Amino acid sequence: MLRWLLTATLACSFIVSASCHDGVTATPPDTTPLNYWQAGKTVSAQAIAAYGGLDKCFAAEPIPDGVWQRMQGKTYKENPYIGCDDLRHVRALHWDYDKQIHIGEMICHKQIADRVVRILRQLFDAKYPIQRMLLPDVYDADDERQMRANNTSCFCYRTVAGSKHLSKHARGLAIDINTLYNPYYKVRKNGTRIIRPATAKPYCNRDKDFPYKIDHDDLCYRLFTEAGFLWGGDWKSPKDYQHFETP
Ligand SMILES: [Zn+2]
């Protein structure tokens, strides 16, 4: 009886707190069904099963209209080189250090879409930690902002920072992984350092150990290079530890 009362009281207090007195609804993230692809949400095994199973959660398809709309003027700008038909929307799940399954998405070139899906599935199966896999549009396609948030992404129509050349990201042929902990790093001739994101200073010393670090022993490094990608961490200068691209 006491147990029943306690359960009933807890259930009531939950209902009260979840019904929004102050406009804030507290929805437990992993019990709601996954009816559509909500990147950034965490999911339970049941929600994945209800969505159609793991295989359906790893796929590359033409970009849905709603996503394409969100990209306009942010990651996508009218240009003569790449259009909607060249790109794919990739669905993937990923683990993080919180031991939860997170929903991710990215846009990449159709040439690499199958490889990317396969690699992301292998990383998932190995429980490789990735913190966030959102479209850069969430950050208004501001690379510095998404890197500070440790976001993982691929396509963004932009030039190489500090130059007029189109980046491989502008064709959806380069992927940046766990970007805060795997920064872009360059020492100019005059000795000044460029670190992107600017908040990544602690992660430029690659002799140190820290979470999300990509090095030659790392699974992410192995899978991408085996699939034909080059790693920016192997470049002499700059070093771009987050970056994998097709030659
Ligand atoms: Zn990159």
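It should be noted that the structure appears before, not after, this text.
None of these values were measured; they are calculated from a predicted model.

> Before we go on, may I ask you to explain the overall build of the chain in this structure?
Within the chain one finds 7 helices and 10 strands. Sorting the 247 residues of the chain into buried and exposed places 36% on the buried side. Of the contacts formed within the chain by residues at least 6 apart in sequence, a portion of 58% connects residues at least 24 apart.

> Mind showing me how you'd approach the sheet that holds strand β7 (residues 193-196) here?
Taken together, 3 strands build an open sheet; the order of strands is β7-β6-β9 and the sheet is antiparallel. Looking at the sheet topology across the chains shown, the edges are occupied by β7 and β9 (239-240).

> Whenever I open this one, the environment of Tyr 221 confuses me. Can you help?
On the secondary structure map, Tyr 221 appears in helix α7 (residues 219-226). Separated by 22 residues in sequence, Tyr 221 and His 243 have C-alpha atoms that sit 9.8 Å apart.

> Honestly, the sheet that holds strand β1 (residues 42-43) in this entry has me stumped. Any pointers?
Picture the strands of a sheet paired through backbone hydrogen bonds; they go either parallel or antiparallel. Ordered by their spatial adjacency, 4 strands build an open sheet running β1-β4-β3-β2, and the pairing between neighbours is antiparallel. In this open sheet, the two strands that pair with only one neighbour each are β1 and β2 (59-61). Of the strand pairs in this sheet, strand β3 (residues 87-95) and strand β4 (residues 101-109) are connected by 9 bridges, and their pairing is antiparallel. Paired with Leu 93 across the strands is Ile 103, a residue of β4. Its contacts with the sheet place helix α5 (residues 110-125) against β2, β3 and β4, and it is angled at close to 5 degrees to β3.

Reading the values: the criteria
- Residues numbered from 1 in each chain as written.
- Predicted model: local features only at pLDDT ≥ 70, side-chain atom pairs only at ≥ 80, totals over all residues.
- Helix = DSSP H or I, 4+ residues; strand = E, 2+ residues; numbered from the N terminus.
- Buried ≥ 20, exposed ≤ 12 C-beta atoms within 10 Å, placed from the backbone.
- Contact = placed C-beta atoms within 7 Å.
- Pairing = 2+ DSSP bridges.
- Axes fitted to C-alpha atoms, helices over the stretch in contact; angles between N-to-C directions.

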